Amino acid sequence: MNTIASTAALEPIFDRVNNQLAAPNGQFCLTVTVDFAAAHQLHGYEGNCARLHGHNWKIIVEVTGQKLDDVGMVIDFKAMKKAAREAAKTLDHQFLNQIEPFDRINPTAEHIAVWFFVELSRMLNQPYARVSAITVWENDYSAVTYRA
């Protein structure tokens, strides 16, 4: 089979699929994961976490959109990973209680999730794609998800 002929034959199918998939009731959800290591302590907390301790944090970034670009993507995974790594680099191997804004608010997993949401929304949001959720894992058993 001729590759050029078969590709041309598929174009109407891809156009129809792209139009159907971009319908108002459909939505794509893309995720990437990054990690970083950092220490923190929780002020006002009664328990072990009031003492200085560290985590290998895992951040899951979710971007949603309804419309595909000319390539057939909502957003490039590479752009998502780059932005997520850049944000994580700010916190990596730091004492979070000394980093803005965690020098004023407790560096809880909840606050870290909101921080990533704001930072990545600033970097990634586009007319047809937006950060919709951030999940922060502080260990293999405990996570929080912030959705907006």
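Here the structure is shown first, and the text comes after it.
Numbering of residues starts from 1 in each chain and follows the order in which that chain's sequence is written. The predicted nature of this model means local features are confined to residues of pLDDT at least 70 and side-chain atom pairs, given and counted, to a pLDDT of 80 or more, with totals for whole chains, interfaces and linings taken over all residues. Based on all heavy atoms of the structure, the side-chain values leave hydrogens and waters out of the count.

Attention now moves to the sheet that holds strand β2 (residues 53-65). Two strands qualify as a pair provided that DSSP identifies no fewer than 2 bridges between them. Numbered from the N terminus, helices here are DSSP runs of H or I no shorter than four residues, and strands are runs of E no shorter than two. If you trace the four strands from one edge of the open sheet to the other, you get β1-β2-β3-β4, paired in antiparallel fashion. In this open sheet, the two edge strands, each paired with only one partner strand, are β1 (28-40) and β4 (143-147). Averaged over all pairs of adjacent strands, the angle between their axes in this sheet comes to 20 degrees, without regard to strand direction. Bridge analysis of β2 against strand β3 (residues 129-137) gives eight bridges, and the strand direction is antiparallel. Bridging across to β3, Val63 finds its partner in Val131. Packed onto the sheet, helix α2 (residues 77-91) meets β1 and β2 and runs at close to 15 degrees relative to β1. Angles here are taken between N-to-C directions and fall from 0 to 180 degrees, while the axes themselves are lines fitted to C-alpha atoms, restricted in helices to the stretch in contact. Should any heavy atoms of two residues lie within 4.5 Å, those residues are considered in contact.

Each turn of an α-helix holds 3.6 residues, which means side chains three or four residues apart point in the same direction. A helix is expected to span 1.5 Å for every residue after the first. The terminal C-alpha atoms of helix α3 (residues 109-124), which comprises 16 residues, lie 22 Å apart, in line with the 22 Å expected from a rise of 1.5 Å per residue. Under the scheme applied here, a residue whose accessible area is under 20% of the maximum for its type counts as buried, over 50% as exposed, and between as partly exposed, the area being computed with a 1.4 Å probe on protein chains only. Burial in α3 covers these residues: Ala109, Ile112, Ala113, Trp115, Phe116, Phe117, Leu120, Ser121 and Leu124. Each element contacted by the buried residues of α3 is listed here: β1, β2, α2, β3 and β4.

Our focus in this paragraph is the pairing of β4. Pairing of β3 with β4, which is carried by five bridges, proceeds in the antiparallel orientation. Bridge pairing in β4 links Ile134 to Tyr146. Connecting β3 to the next strand, β4, in antiparallel fashion are five residues.

At a minimum axis separation of 10 Å, α2 and α3 run at an interaxial angle of 135 degrees. Comparing the axis directions of α2 and α3 gives the class oblique. In terms of crossing hand, the pair formed by α2 and α3 is right-handed. Residues Ala79, Met80, Ala83, Ala84, Glu86, Ala87, Ala88, Thr90 and Leu91 of α2 pack against Trp115, Phe116, Leu120, Met123 and Leu124 of α3. Roughly parallel means an angle under 35 degrees; roughly antiparallel means over 145; roughly perpendicular covers 65 to 115; every other angle is labelled oblique. With the far helix as reference, a near helix turned anticlockwise by less than a right angle produces a left-handed crossing, and one turned clockwise produces a right-handed crossing.

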